[in-house]
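So you can see what is in the structure, the chains are spelled out below.
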Amino acid sequence: MQAEADLLRHRVLVIDDNPAIHADYRKILTSEGHTQQSAAEAGLFGAPETDVARPVFDVDAALQGRDGVELARAALAQGRPYSVAFVDMRMPPGWDGLETIENLWKVDPDVQVVICSAYTDYDWLELLARLGHSDKLIVVKKPFEPIEILQCASALSRKWQNARALKRHVESLELVVTDRTKGLEAANRQLRHLASHDALTGLPNRLLFDDRIAQAIAQAQRQAHEFAVMIVDLDRFKLINDSLGHRAGDDLLRVVAQRLSHAVRAIDTTARIGGDEFVILLGGPVTRAEAIEIAERALECMEPSIQLLGIDVHSSPSIGVAFYPRDGVTVDSLLARADAAMYSAKERGRNNVQCYEDGMTAATQDRVKFESELHEALRSGQFELHYQPKVDTATGRINSAEALIRWRHPQRGLVPPGDFIMVAGECGLLDAIGEWVLFEACRQAKAWQREGLRPLRVAVNLAPSQFRLANLVDQIRRALDAAALDPQFLEVELTESAVMSDAEESIRILEAVSRMGVLVSVDDFGTGYSSMSYLRRFPIDKLKIDRCFVEDMTRRPEDASIVRAIISLAHSLRLKVIAEGVETPEQLALLAQLGCDQYQGFHFSPAVLPAAFAALVRQEPADAEDEASRTHSKLAALVRARS
């Protein structure tokens, strides 16, 4: 079967001043009078007995070049252009063939041209020099053989057809390229936006902010006016992030970004430059009073609570303001002075605005130095653990120990955790310090056993962020393996809020820890928001009553009632209860009366160095079976019972 391209009827244009020639072209190129093939045609197309489809053309003719060009123009307008034009060279009195071809290609530059002439005033090189397009031009001398005309028409029509198909394909590719280019341009615009904006909040990032503040400085220099920079830092954001999880922290940051954007003017720029820190460029000219007014408006917009995980959370900002050129003339100096003012706002109770004053930089530098010293303390082993006894309320014997970190500073002396734990959290050291405490406590527990001390359990506190580490279970296992310590002699303590921030995830983590044989305690119980249904599902072994209830329980009946309720709840769930912060005999007597299992506090002993703790244990009479050996974690006990 013939291909569709072979059966396509092409249009041919003949331009010759001899009407008889027109008839010859039609005889050769159309099917009129061709019931049988001539010998020449048989030689070209095959034997007569074979059924070969003869190429057929639609032929139009013109006696003068001008008329032929108009036919070409009309055919192009109809959408059926000529594929081949046969043009005579001499056609008096009008255009000659050369001029005709020039005008024909002006109308339709794609038409293939065959010059048919007995003689010409131009040689081939001259034709090329004037017409060009040698790939669209063939010369046939008159008189011609019919097969020459048929061959030219067939070959050039196919060439014309292929050229048009290629052109359409190229145009299609150009459309695809154009569409994809538009897509790439949109993607590039998106990439440029992402490069200059914070992905979480959509606010400008540090890169874009630096550019805008540089422009503000240049404009202020030209116009001799002031502008201001405000640094806004969320108070206690890390506590929210660690206790409620990073997703809740991200939700909080998005809300804060929206509120700050609404608090400033249209000409101002609000940017997020990292973590919970935002910076606002107050476009000039701006006075000190105007800057403070905008800052106080930012404080007001943060007053309404924000609901995170069904909890109404109040997040306040501390704001520091610096002015150009009074406080600095460069981007870095302005941000440093605004940062110093922000830390001054935190030191003055948080949730307030401070403008930079001389001397604030020194305080900021002290903080930076303190953070640097914290890093050095971890590297050089300046931390040490002190151990506070946990005492059995009924027998008065030491039951276990809680490991509490101290910092032995080369110049400052012994630094309590309250002076550096929050800073460690803010500068990202808390998880690393927590890991060191875990390994050191396990090592010390095993060291006491090797020294002949009766086996005692050691408890370590896990920070909320440490509890959410993906490798926490592996970290505990490595600490136990490094010390060759039996898991039953390790206890981990977590705050109530940390456990409840993501209850389902907490259950998964605690179950993995409990199956190892490690005991789990909930610290500061009563100050959080535990759900009783979840508390029942947690693999918890102990509850620690927060010291705030113990402190006034002998003077405030309501605090005593809370302690009684916690003890009753814990015992109903088969949990041990520990009271912390016990400092007086009256507190101990009441706890014993209420059935509290254990206690710790200054009444028995403060936290002491390992040697002093070992001396306290050795002073006690030996017992045939220690409570630490009898008590197992909840899930480990189930495993032992089934085995």
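In what follows, the accompanying structure is described.

Calculation criteria
Residues numbered from 1 in each chain as written. Predicted model: local features only at pLDDT ≥ 70, side-chain atom pairs only at ≥ 80, totals over all residues. Heavy atoms only, no water. Salt bridge = Lys/Arg side-chain N within 4 Å of Asp/Glu carboxyl O. Helix = DSSP H or I, 4+ residues; strand = E, 2+ residues; numbered from the N terminus. Buried < 20%, exposed > 50% of the residue type's maximum accessible area, 1.4 Å probe, protein only. Pairing = 2+ DSSP bridges. Axes fitted to C-alpha atoms, helices over the stretch in contact; angles between N-to-C directions. Contact = heavy atoms within 4.5 Å. Polar contact = N/O pair within 3.5 Å; in protein donor to acceptor, adjacent residues only side chain to side chain. Phe/Tyr/Trp six-rings, centres within 6.5 Å; stacked < 30°, edge-to-face > 60°. Lys NZ or Arg CZ within 6 Å of the ring centre and 35° of its normal. Core = buried A, V, L, I, M, F, W, Y, C linked by side-chain atoms within 4.5 Å. Disulfide = S-S within 2.5 Å. Expected span 1.5 Å × (residues − 1). Parallel < 35°, antiparallel > 145°, perpendicular 65-115°, else oblique. Nonpolar A, V, L, I, M, F, W, Y, C, P; charged D, E, K, R; others polar. Arc of directions from axis to C-beta.

1. Re the pattern of salt bridges
Inspection of every chain in the model, using the stated rule, returns 36 salt bridges. Note that Asp233 is salt-bridged to Lys346, the shortest N-O span being 2.9 Å. Remark: Lys346 occurs in helix 12 (residues 331-347) and Asp233 occurs in strand 6 (residues 227-234); sequence separation between them is 113 residues. With relative accessibility at 10%, the residue Asp233 sits in the buried group. Taking the shortest distance from any N to any O, the salt bridge between Arg265 and Asp268 comes out at 2.8 Å. Here Arg265 falls in the partly exposed class, since its relative accessible area comes to 26%. For Asp268, a relative accessible area of 9% puts it in the buried group. One network of salt bridges, with partners in common, ties together Lys390, Glu402, Glu491, Glu493, Lys542, Lys544 and Glu580.

2. Things to note about the sheet that holds strand 11 (residues 317-324)
Spatial strand order, 7-8-6-11-12: 5 strands in an open sheet with mixed pairing. Strands with a single pairing partner mark the edges of an open sheet, and in this sheet they are strand 7 (269-274) and strand 12 (353-355). Direction aside, the axes of adjacent strands within the sheet are offset by 20° on average. Across the face of the sheet, helix 12 comes into contact with strand 6, strand 8 (277-282), strand 11 and strand 12 while running at roughly 145° to strand 11.

3. A look at the side chain of Gln475
Along the chain, the position of Gln475 falls in helix 17 (residues 472-483). Within polar-contact distance, the side chain of Gln475 engages the side chain of Gln466 at 3.0 Å. Not counting chain neighbours up to four residues away, the residues in contact with Gln475 comprise Glu435, Leu438, Phe439, Gln466 and Leu469.

4. Quick notes on the packing of aromatic side chains
Geometrically, a pair of aromatic rings is defined through the distance of the ring centres and the angle of the planes. In total, this model carries 11 aromatic pairs according to the counting rule given. On the basis of an interplanar angle of 15° and a centroid distance of 5.1 Å, the ring pair of Phe227 and Tyr324 is categorised as stacked. Of this pair, Phe227 sits in strand 6 while Tyr324 sits in strand 11, and the two are 97 residues apart along the sequence. Seen in terms of ring centroids, Phe370 and Trp407 are 5.4 Å apart; in terms of plane orientation they differ by 55°. Their pairing is tilted. Here the residue Phe370 occupies a position in helix 13 (residues 360-380), and Trp407 occupies one in strand 14 (residues 398-409), the gap between them amounting to 37 residues. Taken individually, Phe370 and Trp407 each receive the classification buried, so the pair is uniform in this respect. Of the aromatic side chains, those joined through ring pairs into one cluster are Phe370, Phe383, Trp407, Phe420 and Trp436. The cationic tip of Arg326 hangs over the ring face of Phe323; the distance from NZ or CZ to the ring centre is 4.8 Å.

5. Some words on the sheet that holds strand 2 (residues 57-62)
Within the open sheet, the 5 strands sit side by side as 2-1-3-4-5. Their pairing is parallel. Looking at strand neighbours, the two that pair on one side only are strand 2 and strand 5 (137-141), the edges of this open sheet. Here the strands of the sheet are splayed against their neighbours by 20° on average, with no regard to which way each runs. Taken together, the 5 bridges between strand 4 (residues 112-117) and strand 5 define a ladder with parallel strand orientation. Bridge pairing in strand 5 links Cys116 to Val140.

6. So, the nonpolar core
Core analysis: the largest hydrophobic core is formed by 82 residues, its most contacted members being Leu374, Ile476, Val492, Phe538 and Phe613. When residues in this core are grouped by element, the largest group, 8 residues, is from helix 15 (residues 430-450). Not counting the four nearest positions on each side in its chain, Val492 is found in contact with Val460, Leu462, Ile476, Val513, Val518, Leu519, Val520 and Ser521. Of all hydrophobic cores here, the second largest spans 54 residues; its members include Leu203, Leu299, Met302 and Ile319.

7. Brief notes about the state of the cysteines
Taken as a whole, this structure holds 0 disulfides when the rule is applied. The thiol of Cys152 is not disulfide-bonded; the next cysteine sulfur, from Cys116, is found 7.1 Å away. Accessibility expressed as a relative area gives 11% for Cys152, which makes it buried.

8. Some remarks on helix 10 (residues 246-263)
The end-to-end C-alpha distance of helix 10, which contains 18 residues, comes to 26 Å, matching closely the 26 Å that a straight helix rising 1.5 Å per residue would cover. Restricting attention to buried positions, one finds in helix 10 the residues Ala248, Gly249, Leu252, Leu253, Val256, Ala257, Arg259, Leu260 and Ala263.

9. Some words on the packing of helix 8 (residues 206-223) against helix 12
Here helix 8 crosses helix 12 at 110°, and the two axes come no closer than 10 Å. Taken together, helix 8 and helix 12 sit at an angle that is classed as roughly perpendicular. When helix 8 is examined against helix 12, the residues Arg206, Phe209, Asp210, Ile213, Ala214 and Ile217 are found in contact with a partner set consisting of Val331, Asp332, Leu334 and Leu335. Looking at side-chain class alone, the contact of helix 8 with helix 12 contains 7 nonpolar, no polar and 3 charged residues.

10. Topic: helix 22 (residues 557-572)
Helical geometry: 3.6 residues make up each α-helical turn, so side chains three or four residues apart lie on a common side. In this model helix 22 runs 22 Å from its N-terminal to its C-terminal C-alpha over 16 residues, within 8% of the 22 Å that 1.5 Å per residue would give. Three or more residues of helix 22 are buried, namely Asp559, Ala560, Val563, Ile566, Ile567 and Ala570. When helix 22 is viewed along its axis, its buried side chains cluster within an angular range of 120° and face the same direction. With respect to the buried face of helix 22, the exposed residues turned more than 90 degrees away are Pro557 and Ser572. In the core, the buried residues of helix 22 are packed alongside strand 18 (519-525), strand 19 (542-545), helix 21 (547-551), strand 20 (576-580) and helix 23 (585-594). After helix 22 finishes, the residue Arg574 shows a positive phi value of roughly 60°.

Treat this as a map of the structure, not an account of what it does.
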